[in-house]
Amino acid sequence: MLSAVEKVTIGESFALAGVSMSIIMAVLACIMLLIYLMSAVFKFMEKRNPEFKAKMDAFFSKKSEKTEEIAPAAEENKEYVTARGSCGNIVLNNVTEREAAMIMAIVADKMQTPLNELRFKSIKKID
Amino acid sequence: MDIGQIFVDLAKGSGFAQLGAQWQNAVMIILACFFLYLGIKKKFEPLLLVGIAFGILLTNLPQASEADLIFHPEWWTGDEAIANGVNYLNVLQHGGLLDILYIGVKTGVYPCLIFIGVGAMTDFGPMIANPKSLLLGAAAQLGIFTAFILAIVFGFTPAQAASIGIIGGADGPTAIWLTKSLAPELLAAIAIAAYSYMALIPIIQPPIMRLLTTKKERAIKMDQLREVSKSEKIVFPIMVTIFCCLLLPSVAPLLGCLMFGNLLKECGVTERLSDTAQNALMNIVTLFLGISVGATAQGASFLSFDTIKIVVLGLVAFSLSTAGGLLFGKLMCWATKGKINPLIGAAGVSAVPMAARVAHVEGLKANPSNYLLMHAMGPNVAGVIGSAVSAGILMAVFG
């Protein structure tokens, strides 16, 4: 820690502000570069080993193990896509995840019930 | 026995008689009721403002004797406390309820615990998907340092000026964390200003947004963000903690807690802890923080010209932070040939998720099919990191 500053002139305050802003910019720019680096490493690993992402996710998350159990069932019927979710799974039939999220949000809003208290089994587009 | 004298003595000993002698306390009680109105009726950051207002009310109600006092400000900010440090043994033995609760503020425990909760509620995904948004979060700290310069011009000490400037970070816990160390005598005014302006974001930011951007810029639709893997979300808090704490050790308490909370959320094996951090812990600490910060606002010290200056400087800091983010957003818009909507820069002022919502709403007004919310969440959470880093720098210089 630097020694406490007792007095600062207006000129010094400008200099201090400039230096501090530069440090903040530099620190956040470094974090930005670290994120790019991290993403590049993950992309490279995925490219080398296509199963890397699934392995990593399974390693970090217990939930991934549950998803793996469900995966064979999903493969049987490839037109069904299983949405990622914090609680259980939902079958999306001819709807994108974005559309499904929108529908779930609207239903929760109309029912005045928190989304995490609702259970959706499937969302199907009716032509 | 003189019955009349008994009534006279009772009247003299009542709180009403003491209120007459201490007009500042009466004003503070009215002010507390006004804050309660703002919190309850107008829903201005009610979770904290109601607590702060009630703390103000309690601390300004006259007590019969010294022993009955619920809070002793001189124990914390008096000359003896400044010269020799706080006598915690005395506080524990003879302190009132709010003295005991204030220990958490003075030691900086509450803001850090709140940051664990904030981290557990924050999704850094949009920021990881678009790392450039970190620069917007940095640019939106401009108001902190402009207000710092102005506060020096207005005659505040450097430590006080730093505490006033941090209001521009639009981050209540950070403002409290810095002020309790640098300028505890200004804590109530700064906390109230910080939380009030955070609540007023939907009123303060839109005119600045419209002033600094064209309708064409506000209507820019941004590309959909890439999907961020679970692994990236887990590595991110660990990586940022190691890097930032090695680079700037003074940010460790705030940033470390923020990232710890986020790791609890993302790692997937500590769901119970994450849930506790987001709900029970957050609520309990918010309760203690609000009421004990409010207790520092005693009439004699709070009702001064300095408080008015702090309120004005806080507004300047907040507005300039918004402007800083917007102008950097415009720069990025120009550099990327119109791929970035400058409005998301305004979300760099922390205040998650209110600032991102305001950017989204302004984008929708310019183009009804423009959904900026997730794009604005990137700079928004970057702003939390930015204001924590700013506080760390100011603490390193003036602490």
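**Side note on the overall build of chain A**
Regarding its fold elements, chain A presents four helices and three strands. What you see in chain A, going N to C, is helices and strands ordered as α-α-α-β-β-α-β. A buried classification covers 24% of the 127 residues belonging to chain A. Residue pairs in contact within chain A that sit at least 24 positions apart in sequence constitute 29% of those at least 6 positions apart.

**Notes on the overall build of chain B**
Looking only at helices and strands, chain B has 25 helices and zero strands in total. Its C-alpha radius of gyration of 23 Å places chain B within 12% of the 21 Å reference for a compact globule of 399 residues. Overall size of chain B, expressed as C-alpha extent along the three principal axes, is 90 × 45 × 35 Å. Taken over 399 residues, chain B has a buried fraction of 59%. When contacts within chain B are restricted to residue pairs at least 6 apart in sequence, long-range pairs at least 24 apart make up 76% of them. Summed over its atoms, the accessible surface of chain B is roughly 15,900 Å², and 68% of this surface lies on carbon and sulfur atoms. For chain B, the centre of its 23 positive side-chain charges and the centre of its 21 negative side-chain charges are spaced 18 Å apart.

**Re helix α3 (residues 23-40) of chain B**
For α3 of chain B, spanning 18 residues, the distance from its first C-alpha to its last is 26 Å, which sits close to the expected 26 Å at 1.5 Å a residue. Three or more residues of α3 of chain B are buried, namely N25, M28, I29, A32, F35, L36, L38 and G39 of chain B.

**Describing the side chain of N367 of chain B**
Residues and elements named next belong to chain B. Tracing the sequence through the fold places N367 in the loop between α24 (354-366) and α25 (373-398). Classification of N367 by relative accessible area gives buried; the value is 17%. The contacts of N367, once residues within four sequence positions are left out, are A219 and K221.

**Some thoughts on the nonpolar core**
Membership of the largest hydrophobic core comes to 149 residues, with the highest contact counts inside it found for I31 of chain A together with F236 and I385 of chain B. Looking at which element gives the most residues to this core, the answer is α25 of chain B, with 14 residues. When residues no more than four places from it in sequence are discounted, the contact partners of F236 of chain B are I31, I35 and M38 of chain A together with F124, M127, I128, M259 and I385 of chain B. Judged by nonpolar contacts, the second largest core, of seven residues, contains L92, M104, F120 and I123 of chain A.

**Quick word on the interface of chain B and chain A**
Counting residues at the interface gives 49 residues for chain B, matched by 40 residues for chain A. Where chain B abuts chain A, roughly 3,900 Å² becomes buried across the two surfaces, and 79% of that area is made up of carbon and sulfur atoms. Our enumeration of links across chain B and chain A arrives at zero salt bridges. Applying the counting rule to chain B against chain A returns two residue pairs in polar contact (both at pLDDT 80 or more). Sorting the residues of the side of chain B that touches chain A by element identifies α10 (125-129), α11 (133-139), α12 (142-153), α18 (230-247) and α25 of chain B as the ones contributing at least two each. Sorting elements by how many residues they give to the side of chain B that touches chain A places α18 of chain B first, with eleven residues. Considering only residue class, the side of chain B that touches chain A consists of 35 nonpolar, eight polar and six charged.

**Focus on the environment of V352 of chain B**
Residue and element names in this part refer to chain B. Here V352 lies in the loop between α23 (343-346) and α24. Expressed as a C-alpha distance, the spacing of V352 and F44, which sit 308 residues apart in the sequence, is 15 Å. Residues within four places of V352 in sequence aside, it is in contact with M377, N380, V381 and V384.

**Points about the packing of helix α1 (residues 10-48) of chain A against α18 of chain B**
Close contact between α1 of chain A and α18 of chain B brings their axes to 10 Å; oriented N to C, the two are set at 145°. Between α1 of chain A and α18 of chain B lies a crossing whose hand is right-handed. Facing V27, C30, I31, L34, I35, M38, S39 and F42 of chain A of α1 of chain A, the residues of α18 of chain B in contact are S231, E232, V235, F236, M239, V240, F243, C244 and L247 of chain B.

**A look at unusual backbone geometry**
Residues and elements named next belong to chain B. With omega at -5°, the peptide bond leading from V352 into P353 counts as cis. When you line up the elements, P353 lands in the loop between α23 and α24. A positive phi is found at K43, a non-glycine position, where the angle reads about 55°. Inspection of the secondary structure puts K43 in the loop between α3 and α4 (46-60). According to the relative accessible area criterion, K43 is exposed, its value standing at 62%. The backbone of E45 sits at a positive phi, close to 40°, despite the residue not being glycine. By the secondary structure assignment, E45 is in the loop between α3 and α4.

**Structural notes on the confidence of the model for chain A**
Residues and elements named next belong to chain A. When pLDDT is averaged along chain A, the result is 74; 70% of the residues meet or exceed 70. Across chain A, element-level confidence peaks in α1 with a mean pLDDT of 92 and bottoms out in helix α3 (residues 62-76) with 47. Below a pLDDT of 50 lies the segment residues 64-86, which in the model reaches 22 contacts outside its immediate sequence neighbourhood of four places, other chains included.

**Details of the state of the cysteines**
Taken as a whole and assessed by the stated rule, the structure comprises zero disulfides over all chains. The thiol of C30 of chain A is not disulfide-bonded; the next cysteine sulfur, from C244 of chain B, is found 8.8 Å away.

**Observations concerning helix α16 (residues 201-212) of chain B**
Residues and elements named next belong to chain B. An ideal rise of 1.5 Å per residue puts 16 Å on twelve residues; α16 measures up with 16 Å between its terminal C-alpha atoms. Where α16 is concerned, the buried positions are I201, I204, Q205, P206, I208 and M209. Tucked into the core, α16 has its buried residues touching α15 (187-199), α17 (215-218), α22 (305-335), α23 and α24.

**Considerations on a nonpolar patch on the surface**
There is a patch of nonpolar side chains on the surface, built from I10 and F14 of chain A together with V153 and F154 of chain B and spanning about 380 Å² of accessible area. By relative accessible area, F14 of chain A is classed as exposed at 52%.

What counts, and where the lines are drawn
- Residues numbered from 1 in each chain as written.
- Chains lettered and ligands numbered in written order.
- Predicted model: local features only at pLDDT ≥ 70, side-chain atom pairs only at ≥ 80, totals over all residues.
- Heavy atoms only, no water.
- Helix = DSSP H or I, 4+ residues; strand = E, 2+ residues; numbered from the N terminus.
- Buried < 20%, exposed > 50% of the residue type's maximum accessible area, 1.4 Å probe, protein only.
- Contact = heavy atoms within 4.5 Å.
- Rg over C-alpha atoms; globule rule 2.2 N^0.38 Å.
- Areas by Shrake-Rupley, 256 points an atom, 1.4 Å probe, with all protein chains shown as cover.
- Lys, Arg positive; Asp, Glu negative; His and termini not counted.
- Charge placed at Lys NZ, Arg CZ, Asp CG, Glu CD.
- Expected span 1.5 Å × (residues − 1).
- Core = buried A, V, L, I, M, F, W, Y, C linked by side-chain atoms within 4.5 Å.
- Buried area = accessible area lost by both parts, 1.4 Å probe.
- Salt bridge = Lys/Arg side-chain N within 4 Å of Asp/Glu carboxyl O.
- Polar contact = N/O pair within 3.5 Å; in protein donor to acceptor, adjacent residues only side chain to side chain.
- Nonpolar A, V, L, I, M, F, W, Y, C, P; charged D, E, K, R; others polar.
- Axes fitted to C-alpha atoms, helices over the stretch in contact; angles between N-to-C directions.
- Left-handed = near helix turned anticlockwise from the far one by under 90°.
- pLDDT = per-residue confidence, 0-100.
- Disulfide = S-S within 2.5 Å.
- Patch = residues over 30% accessible without salt bridge, like charges linked within 9 Å, V, L, I, M, F, W, Y side chains within 5 Å.

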